[in-house]
Amino acid sequence: MKPILAVLLLLTLPAIVRADSQWVLEKSTLTYHVSHPLHEADGVSHEARGKGVCQAGQCNFLIAAPVKSFNSGDSNRDLHMIEVVRGAEFPMVVVRTELPEAEIKAGPIHADLEVQFAGQTAHYKQVLFQLTMQGGDISLTGTIPATVSDFKIDPPKLLMIPIKNEIPVRVEMSWQREK
Amino acid sequence: MNPKAAKFLPVLMFVVLWLAYSPCAQAQVASATISGKVTNSSGTAVASATVSVKNVATGEAIEARTDSAGSYAVKNLVPGDYEVSASAPGFASKTGKVAVTQSATQTLDFSLAASSNAAAPSLSELGFPSSETKANPQEQARLDKRSHMLQMHQRLGLITTVPLVATVITGALAGGKSTSSTDRDLHAALGSATAGLYFASAYYAIFAPKIPGTKTEGNIRLHKAMAWIHGPGMILTPILGEMAFSQKSQGEKVHGIAQYHSDVAIITAAAYGVAILSVTLKSGSASRSAHRVAAALGLGHSHSADTIVEDDSSANR
């Protein structure tokens with residue numbers, strides 16, 4: 001009897017270890033930064049939604065936010081931004097990444113990101129994020145080094161001077177684990 | 001047939017056949033097109049999907065991307081057999097084969113199924129309403145027109161500052177005790193040019209498409225508020241100027257309502273300057289400039305200035 005139980009335990013152990021889990025984005029703040037000699041502006045969105053699915057030790061994350069949800073405090077600037085990034089034709093900014101489940105722990109983590117925005121797809125390798133654990137939940141902060149040229153966007157101009165190519169996106173997210 | 005001519009017949013036939021079937025002749029006929037649409041299993045268009053068109057004979061491949069309607073078209077293909085693949089993130093790729101003939105258009109549509117990798121979530125699982133995820137080309141066209149018109153408004157508005165400043169400067173010479181009409185004529189001409197450019201700029205601002213559901217906030221509020229001062233001012237100033245011009249031309253001293261021409265002109269120009277600064281400088285700078293101009297004009301600490309300050313504080317949070 002005991003050998004049979006031992007065999008059964010050995011057979012079920014991998015399944016216990018590799019139990020599927022899901023993550024849900026609880027709250028988020030995405031902030032893009034635009035620089036111009038006469039202006040600095042930040043556009044903020046709190047309307048991102050995300051989901052992560054972990055299976056066989058590997059986790060796939062998907063985060064998306066409506067382009068229109070970014071608010072810089074100036075409606076004229078926001079409308080112009082939506083026009084320039086073709087936000088009515090491509091209304092969502094979507095980020096995908098894949099991480100080993102074992103790396104989801106407190107501390108620095110490097111992630112390869114695929115970002116879909118303005119009808120283009122850009123890949124960012126080894127983007128640094130800081131993870132902090134709060135019970136079973138995680139908080140994540142980091143900056144995606146996006147540029148205007150990555151997405152083939154025609155840079156807006158003020159007084160004939162274009163904005164800077166760099167438009168870093170600061171990411172602050174809280175994820176809750178679901179089983 | 002002439003025996004001499006008959007000797008050349010085989011040669012002539014060879015030349016004709018060579019021209020018809022030579023690679024040079026065939027390579028000129030790259031006029032075929034493969035087009036189609038990429039959708040998901042629900043029939044929704046898949047934008048930015050990658051479509052690869054590969055010539056089976058030569059191995060040459062061309063890549064295209066679907067537009068917001070999920071459509072693609074690869075043109076200028078030589079006749080032959082092609083292998084066409086469609087792929088997009090989150091979907092399993094699909095491949096099809098098609099043969100195209102000269103100048104023909106072949107249609108090949110793809111319906112992509114969600115990726116068999118069950119661990120990858122899809123956009124539809126996030127619960128966004130369809131109104132937020134669906135492309136709206138009509139709204140994009142409206143935004144494009146709005147941006148174009150506001151760019152024209154900006155350019156004309158900036159150009160207007162040149163004759164406006166010149167008009168204000170020559171205004172000092174146009175009045176006074178001088179009986180010369182040259183200075184007055186120059187001032188009047190510059191004033192007319194200023195008014196013409198101003199109203200051209202105003203046209204683009206007024207008739208730029210409005211975007212429904214947009215709440216006006218930020219420095220654009222100050223910019224629009226100033227229009228209620230420089231707009232009527234730009235109408236009243238030339239009227240009073242014409243009256244003053246007529247009185248001076250008749251050798252009279254400017255009197256009556258016409259004597260307020262320069263005051264109205266100064267206020268109009270100042271409001272115009274604040275309007276430009278409000279959309280040029282950073283939030284705090286624009287509000288401080290507005291306060292200084294208001295104080296200089298003796299307008300005091302008005303309710304509208306308080307509102308502007310509150311907007312400035314929220315913008316800087």
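Look up a bit, the structure's there.
In this text the structure is predicted, and so the values were computed from the model without any measurement. (Residues numbered from 1 in each chain as written. Chains lettered and ligands numbered in written order. Predicted model: local features only at pLDDT ≥ 70, side-chain atom pairs only at ≥ 80, totals over all residues. Heavy atoms only, no water.)

## Considerations on the overall build of chain B
The following threshold applies: Put simply, DSSP marks the helices as runs of H or I at least four residues long and the strands as runs of E at least two long, and each gets a number from the N terminus on. Categorising residues by exposure relies on relative accessible area from a 1.4 Å probe, with only protein chains included: less than 20% of the type maximum marks a residue as buried, more than 50% marks it as exposed, and the intermediate range marks it as partly exposed. Areas reported as accessible are Shrake-Rupley estimates using a 1.4 Å probe. Residue values count occlusion only from the protein chains shown.
Helix and strand counts for chain B stand at 10 helices and eight strands. The burial tally for chain B puts 33% of its 317 residues in the buried class. When the accessible surface of chain B is summed, it comes to about 18700 Å², and 61% of that surface belongs to carbon and sulfur atoms.

## Quick look at the overall build of chain A
Condition: Residues are treated as being in contact if the distance between any of their heavy atoms lies within 4.5 Å.
Summing up its helical and strand segments, chain A has two helices and 11 strands in all. In chain A, the order of α-helices and β-strands from amino to carboxyl end is α-β-β-β-β-α-β-β-β-β-β-β-β. Counting across all 179 residues of chain A, residues that qualify as buried make up 49%. If you take every contact in chain A between residues at least 6 apart in sequence, the share linking residues at least 24 apart comes to 57%. Counting every atom, chain A has about 9100 Å² of accessible surface; 59% of that belongs to carbon and sulfur.

## What to know about the interface of chain A and chain B
So the rule is basically this: Accessible area that two parts lose when put together, evaluated with a 1.4 Å probe and summed over both, is termed the buried area. When a carboxyl oxygen of Asp or Glu lies within 4 Å of a side-chain nitrogen of Lys or Arg, that pair is called a salt bridge. Between N or O atoms, a polar contact is any pair within 3.5 Å; within protein, one atom must be a potential hydrogen donor and the other a potential acceptor, and residues adjacent in sequence are included only when both atoms are from side chains. The nonpolar class holds Ala, Val, Leu, Ile, Met, Phe, Trp, Tyr, Cys and Pro. Asp, Glu, Lys and Arg form the charged class, and all remaining residues, Gly among them, are polar.
Contacts between the two partners involve 41 residues from chain A and, on the opposite side, 46 residues from chain B. Summing both sides of the interface, chain A and chain B together bury roughly 3700 Å²; the carbon and sulfur share of this comes to 56%. Counting across the chain A and chain B interface gives three salt bridges. Arg86(A) is paired through a salt bridge with Asp144(B); the nearest N and O atoms lie 3.1 Å apart. Inspection of the chain A/chain B interface yields 18 residue pairs in polar contact (both at pLDDT 80 or more). Among the elements of the structure, strand 2 (39-45), strand 3 (49-55), strand 4 (58-66), helix 2 (75-84), strand 5 (92-100) and strand 6 (107-117) of chain A are those that each provide at least two residues to the side of chain A that touches chain B. Looking at the side of chain A that touches chain B residue by residue, the class counts come to 17 nonpolar, 13 polar and 11 charged.

## Here we look at the packing of helix 6 (residues 181-207) of chain B against helix 7 (residues 220-249) of chain B
Residue and element names in this part refer to chain B. Put simply, the rule reads: Angles run from 0 to 180 degrees between N-to-C directions of axes, and those axes are lines fitted to C-alpha atoms, restricted for helices to the stretch in contact. With respect to orientation, any angle under 35 degrees is reported as roughly parallel, any angle over 145 as roughly antiparallel, any angle of 65 to 115 as roughly perpendicular, and every other angle as oblique. Two helices that cross are described as forming a left-handed crossing if the nearer one is turned anticlockwise from the farther one by less than a right angle, and a right-handed crossing if clockwise.
Helix 7 packs onto helix 6 with a crossing angle of 160° between their chain directions and a minimal axis gap of 11 Å. The angle between helix 6 and helix 7 places the two elements in the roughly antiparallel class. Of the two possible hands of crossing, helix 6 and helix 7 adopt the one that is left-handed. Contact with helix 6, carried on its side by Arg 184, Asp 185, Ala 188, Thr 194, Tyr 198 and Phe 199, involves His 230, Gly 231, Met 234, Ile 235, Phe 245, Lys 248 and Ser 249 of helix 7 and no other residues of that element. Taken together, the residues of the contact of helix 6 with helix 7 sort by class into six nonpolar, four polar and three charged.

## Quick look at the side chain of Ser147(B)
The topology assignment puts Ser147(B) in helix 5 (residues 137-174). Contact partners of Ser147(B), with chain neighbours within four places excluded, come to His80(A) and Glu83(A).

## With respect to the sheet that holds strand 6 (residues 94-100) of chain B
Residues and elements named next belong to chain B. What counts is decided by this rule: By the convention used here, strands pair only if DSSP detects at least 2 bridges between them.
Taken together, the four strands give an open sheet; going across it, the order is 3-2-5-6, and neighbouring strands pair in antiparallel fashion. A strand with exactly one partner marks an edge of an open sheet, and here the two such strands are strand 3 (61-65) and strand 6. In this sheet, neighbouring strand axes are inclined to one another by 20° on average, regardless of whether the strands run parallel or antiparallel. Pairing between strand 2 (residues 50-55) and strand 3: five bridges, direction antiparallel. Residue Thr 50 lies in a different strand from strand 3, and its bridge partner there is Arg 65.

## Considering the pairing of strand 5 of chain A
Residues and elements named next belong to chain A. With respect to burial, strand 5 is a largely interior element, seven of its nine residues being buried. Looking at chain direction, strand 4 and strand 5 are connected through nine bridges and run antiparallel. If you follow Asn 60 over to strand 5, its bridge partner there is Glu 98. Two strands pair when backbone bridges link them, and strand 5 and strand 6 are joined in this way by four bridges, in the antiparallel orientation. Across the sheet, residue Val 94 finds its bridge partner in strand 6, namely Gln 116.

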